[in-house]
Amino acid sequence: MKFLTILKVGLKAIARNKMRSALTALGIIIGVACVIAMIGVGKGSQAAIQSQISALGTNFLMVFPGVSTQSGARIFTGESTLTEDDVAAVKAECPSVAYVSPMSRSAGQVVYGNLNWGTSVQGVGVEWPFIRSWNTSDGVFFGDSEVRSASKVCVLGSTVATSLFGDQSPVGATVRIKNFPFRVIGVLETKGGSTVGQDQDDTVVAPYTTVMRLLKGKNKIDMFMASAVSQAAVSQAQTEIESLLRQRHRLMPGQDSDFMIRSQQEIAQTADQTSHTLSLLLASAASISLLVGGIGIMNIMLVSVTERTREIGIRMAIGAKGRDILTQFLVEALTLSVAGGLIGIVLGVGASRFLAWKAHWSIALPPESILLAFGFSAAIGVFFGFYPAQKASRLDPIEALRYE
Amino acid sequence: MVRPAAGAAGVASNPKRSDPAADLHPPPGERSVAAEPVIRTEDLVRVYTMGEVEVRALDGVSLVVGPGEFVAVMGASGSGKSTFMNIIGCLDRPTSGSYSLDGVDVSGLDRDARAEIRNGKIGFVFQSFNLLARTTALENVELPLIYASNGHVAADRAARAMRCLADVGLSGREHHLPSQLSGGQQQRVAIARALINDPKLMLADEPTGNLDTKTSEEVMAVFQKLNDQGKTVVLITHEPDIAEYARRIVVFRDGRVVEDRPSEQRRAASAERPTA
């Protein structure tokens, strides 16, 4: 009963200084909104990365060449130690491997008419669409004969297709890549941004033989991709590829491999860690604004205690105890911060939705982050409200009554 | 008992009151202590230390105030009367000596215990009214009940506050803010607030200091009426003619009681109800 009445007294004081209370709460509102939005962005990007990785296929492996040990130092020599025969052998002899695709990467201008577009050119094998689970939305993908004959055919990523052809279908047209004419036979489905924010559709895919020989003037592939028969078989596939390649490369036991196998799971972990660090960074930056909001509450409560010294004196003279005064001011601080917290949550959720809608950011709003922000704002109210409230409760009633 | 000349001229226009009750308040030496005194101080000393200088604001005050008395404490500034009021009002503690309020020694109580005593047994009326601004008369009067340890239901609080406001002649002004009331009315709100807990002791510190003569008279009439109803009132003032409203006058000088006498020519404030 008594507590409720004192609660009412605290609330009335807030209502009396509407502008000041609103501005004080604004500090917390902005802080909480920032924390919610930033956690939303961070968690969202994490979730997006995870979903992209699983869409990418978590069961594929990448085999890079060229790690060699020279005088004890492991370096990436850049020289390809992998051959097309290695790829064929992996496909033929590793039971856990479902598909393989040699890769040869290049980059260059793609020219159509008076339009041109700088992009990456990926040379891949015929099984590449299965590994990446990436089909054509228009036209067809190339087959074995095109790879064998190193045909000048290509499949455009949707970004390249739109840039050069607009709404028209590019299938059948001829584009020039590094001045070589390529016939467009298909367009890939739109895949969207990659884990690191790169536009995956900004690419041109051609037979690896063509890219390797024609565009790069080499006879060796850059690397190859392989997919395991299932997600559970990834590590089994990795072991099989490793032992097969060591055998083919005649490496002694104890000698370092001259190649490197990375699984998508490892990449996923790295990306996950990166985005986790990023969300932490965002959240801590936002927390600082919450902290500043808390200091704002403390500041205004100190002002309030000072200007209401006489009121405190009156209350004490007629029988308010120290803890009654403490409660009154703590209620004020807590109300400001909790009200600010609630509005901040609404604004933060709104801002997140807005970002998701306008900037197409992926946003995740886990309920625990909302609870956390709310709890944090209440804690700030108590923490920053306590000192001024305690100061008020310790005033000497005689001095306080005399205060002008 | 020496009767000083002060106040005699001011009293001339008022009808002198041959108060039958005056017989109940004989000179201090002969006072009977059959009833428990409201205030009993023994050798009260209060020393303030300001830097290295010690100031003895109270220097051995022994005073007994019985129930139903109306005592005016007089003295020039620096005489120790405010320090005395702070101690008997349980706002401060004596450096040495003892103080019993309503038979209970309160000189050693801590802050919270004193707050409880102030809430339950003492009603304060201050010079500057000390009402909460932007708070209605009714809410101001209710205020002590909020802090009462027994707790009161809101409806009960409002009803009691209404009665107290009526007692001081302010019915119909319950929802006025202090800024909408005259000085005299504000002081009567303060008196109503002091009354709400039915205190053993009404303690008025220069209650007319901010009021003109006519309003002062109205306010003093309220105190006299309360005293007639049996309330013990201690009035702190430096104005001799205000002190004359009391039944007994105690004069302080340099922290000691130098004079303690009945108010022989007690002024009676205008008998009619104070007009709002």
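Residues numbered from 1 in each chain as written. Chains lettered and ligands numbered in written order. Predicted model: local features only at pLDDT ≥ 70, side-chain atom pairs only at ≥ 80, totals over all residues. Heavy atoms only, no water.

### So, the overall build of chain B
Then, in step 1: On a plain count of helices and strands, chain B comes out with eight helices and ten strands.
Then, in step 2: Within chain B, the fraction of its 276 residues that count as buried is 54%.
Then, in step 3: Taking contacts inside chain B between residues at least 6 apart in sequence as the whole, the part at least 24 apart equals 72%.
Then, in step 4: When the accessible area of chain B is evaluated, it comes to approximately 11600 Å², of which 50% is carbon and sulfur surface. (Helix = DSSP H or I, 4+ residues; strand = E, 2+ residues; numbered from the N terminus. Buried < 20%, exposed > 50% of the residue type's maximum accessible area, 1.4 Å probe, protein only. Contact = heavy atoms within 4.5 Å. Areas by Shrake-Rupley, 256 points an atom, 1.4 Å probe, with all protein chains shown as cover.)

### A look at the packing of helix H6 (residues 183–195) of chain B against helix H7 (residues 213–228) of chain B
All names here are of chain B.
Then, in step 1: Orientation of H6 relative to H7, taken along the N-to-C sense of each, is 20 degrees, at an axis distance of 9 Å. By the criterion of interaxial angle, the relationship of H6 to H7 is roughly parallel. Crossing hand, H6 versus H7: right-handed. Contact residues: H6 offers Gly184, Gln187, Arg188, Ile191 and Leu195, while H7 offers Thr215, Glu218, Val219, Val222, Phe223 and Leu226. (Axes fitted to C-alpha atoms, helices over the stretch in contact; angles between N-to-C directions. Parallel < 35°, antiparallel > 145°, perpendicular 65-115°, else oblique. Left-handed = near helix turned anticlockwise from the far one by under 90°.)

### With respect to the layout of surface pockets
Then, in step 1: Space inside the largest pocket adds up to approximately 930 Å³.
Then, in step 2: Forming the boundary of the largest pocket are 42 residues, of which Ile398 and Arg402 of chain A together with Ser82, Asn86 and Asp205 of chain B lie nearest the centre.
Then, in step 3: Where the lining of the largest pocket is concerned, the elements lending two or more residues are helix H10 (309–317) and helix H13 (397–402) of chain A together with strand E1 (39–50), helix H2 (81–88) and helix H3 (111–121) of chain B.
Then, in step 4: The residue inventory of the lining of the largest pocket, partitioned by class, reads 13 nonpolar, 13 polar and 16 charged. (1 Å grid on protein atoms, 1.4 Å probe; cavity = no way out; pocket = protein on both sides within 12 Å on 5 of 7 lines; lining within 4 Å. Points joined across faces, edges and corners; volume = space filled by probe spheres on them. Nonpolar A, V, L, I, M, F, W, Y, C, P; charged D, E, K, R; others polar.)

### Some remarks on the nonpolar core
Then, in step 1: If you look at the biggest cluster of nonpolar residues, it comprises 68 residues, and the most contacted ones within it are Phe329 of chain A together with Ile39, Phe84, Tyr99, Leu101, Phe124 and Val234 of chain B.
Then, in step 2: Of all the elements, helix H11 (residues 322–358) of chain A adds the most residues to this core, at eight residues.
Then, in step 3: The residues contacting Phe329 of chain A, other than those within four sequence positions of it, are Met301, Ser304, Val305, Arg308, Ile312, Ala389 and Ala392 of chain A.
Then, in step 4: By size, the runner-up hydrophobic cluster in this structure holds 40 residues, among which are Val124, Ile131, Met223 and Ala226 of chain A. (Core = buried A, V, L, I, M, F, W, Y, C linked by side-chain atoms within 4.5 Å.)

### Looking at the packing of aromatic side chains
Residue and element names in this part refer to chain A.
Then, in step 1: As enumerated under the stated definition, the model contains nine aromatic pairs over all chains in all.
Then, in step 2: Ring centres 5.1 Å apart and planes at 25 degrees place the aromatic pair Tyr99 and Phe130 in the stacked group. On the criterion of sequence distance, the pair formed by Tyr99 in strand E4 (residues 97–112) and Phe130 in helix H4 (residues 128–132) is long-range, its members being 31 residues apart.
Then, in step 3: Counting every residue linked through ring pairs, the aromatic cluster contains Trp128, Trp134, Phe141 and Phe142. (Phe/Tyr/Trp six-rings, centres within 6.5 Å; stacked < 30°, edge-to-face > 60°.)

### A word on the pairing of strand E6 (residues 122–125) of chain B
All names here are of chain B.
Then, in step 1: The two faces of E6 match: Ile122 and Phe124 on one face and Gly123 and Val125 on the other face are all buried.
Then, in step 2: Relative to strand E7 (residues 201–205), E6 runs parallel, the two sharing four bridges. Each bridged residue has a counterpart across the sheet, and for Gly123 the counterpart in E7 is Met202. (Pairing = 2+ DSSP bridges.)

### Quick notes on the confidence of the model for chain B
Residue and element names in this part refer to chain B.
Then, in step 1: Counting all residues, the mean pLDDT for chain B is 84, and 84% of those residues have values of 70 or more.
Then, in step 2: Below pLDDT 50 for its whole length, residues 1–33 participates in 41 contacts with residues either more than four positions away or in separate chains.
Then, in step 3: Confidence over residues 271–276 falls short of pLDDT 50; this stretch has twelve contacts with residues more than four positions distant or in other chains.
Then, in step 4: The complex prediction reports pTM at 0.68, with the ipTM value standing at 0.83. (pLDDT = per-residue confidence, 0-100.)

### Some words on the interface of chain A and chain B
Then, in step 1: Counting from both sides, the interface comprises 28 residues of chain A and, opposite them, 28 residues of chain B.
Then, in step 2: Each partner contributes to the roughly 2400 Å² buried at the junction of chain A and chain B, and carbon and sulfur atoms together form 56% of this total.
Then, in step 3: Contact with chain B buries surface across chain A, with Arg16, Ile318 and Lys321 of chain A losing the most and accounting together for 25% of the total.
Then, in step 4: Applying the counting criterion to the chain A and chain B interface returns three salt bridges.
Then, in step 5: Measuring nitrogen to oxygen at the nearest pair gives 3.7 Å for the salt bridge that ties Asp112 of chain B to Arg323 of chain A.
Then, in step 6: Put simply, the parts of the chain that give the side of chain A that touches chain B at least two residues each are helix H1 (2–16), H10, H11 and H13 of chain A. (Buried area = accessible area lost by both parts, 1.4 Å probe. Salt bridge = Lys/Arg side-chain N within 4 Å of Asp/Glu carboxyl O.)

### Quick word on empty space enclosed by the protein
Empty space among the atoms becomes apparent when a probe as large as a water molecule is rolled across them.
Residues and elements named next belong to chain A.
Then, in step 1: On inspection of all chains with the given rule, the structure shows four cavities of 30 Å³ or more.
Then, in step 2: Here the largest cavity is characterised by a volume of approximately 90 Å³.
Then, in step 3: Lining the largest cavity, in full, are Ala13, Ile14, Asn17, Arg20, Ser21, Thr24, Ile300, Met301, Ser304, Arg308, Glu332 and Leu336.
Then, in step 4: Within the residue set of the lining of the largest cavity, elements represented by two or more residues are H1, helix H2 (18–56), helix H9 (264–307) and H11.

### Focus: the sheet that holds E1 of chain B
Residue and element names in this part refer to chain B.
Then, in step 1: The strand order across the open sheet formed by four strands is E2-E1-E4-E5, and the pairing between neighbours is antiparallel. Edge positions in the sheet fall to strand E2 (53–65) and strand E5 (104–105), since each has one partner strand and no second.
Then, in step 2: Inspection of the sheet shows E1 paired to E2 by ten bridges, in the antiparallel sense. Bridge assignment links Tyr48 to a residue of E2, and that residue is Val55.
Then, in step 3: Its contacts with the sheet place H2 against E1, E2 and strand E4 (96–101), and it is angled at close to 120 degrees to E1.

### With respect to helix H7 (residues 208–215) of chain A
Residue and element names in this part refer to chain A.
Then, in step 1: The buried fraction of H7 is high, at six of eight residues.
Then, in step 2: Buried residues of H7: Tyr208, Thr209, Thr210, Val211, Met212 and Leu215, and no others.
Then, in step 3: Positive phi shows up at Gly217, right after H7, with a value of about 60 degrees.

### Side note on the environment of Leu347 of chain A
Residues and elements named next belong to chain A.
Then, in step 1: Within the secondary structure, Leu347 is located in helix H11.
Then, in step 2: Placed 311 residues apart in sequence, Leu347 and Ile36 show a C-alpha to C-alpha distance of 8.7 Å.
Then, in step 3: Not counting chain neighbours up to four residues away, the residues in contact with Leu347 comprise Ile29 and Ala33.

### Structural notes on the pairing of strand E11 (residues 223–228) of chain A
All names here are of chain A.
Then, in step 1: In terms of burial, E11 is largely enclosed, as six of its six residues are buried.
Then, in step 2: Neither face of E11 is open: one carries Met223, Met225 and Ser227, the other Phe224, Ala226 and Ala228, and all of them are buried.
Then, in step 3: Relative to E11, strand E1 (residues 60–65) runs antiparallel, the two sharing four bridges. Across the sheet, residue Val63 finds its bridge partner in E11, namely Phe224.
Then, in step 4: The sheet contact formed by E4 and E11 spans six bridges and is antiparallel. Residue pairing for E11: Pro102 is matched across the bridge by Phe224.

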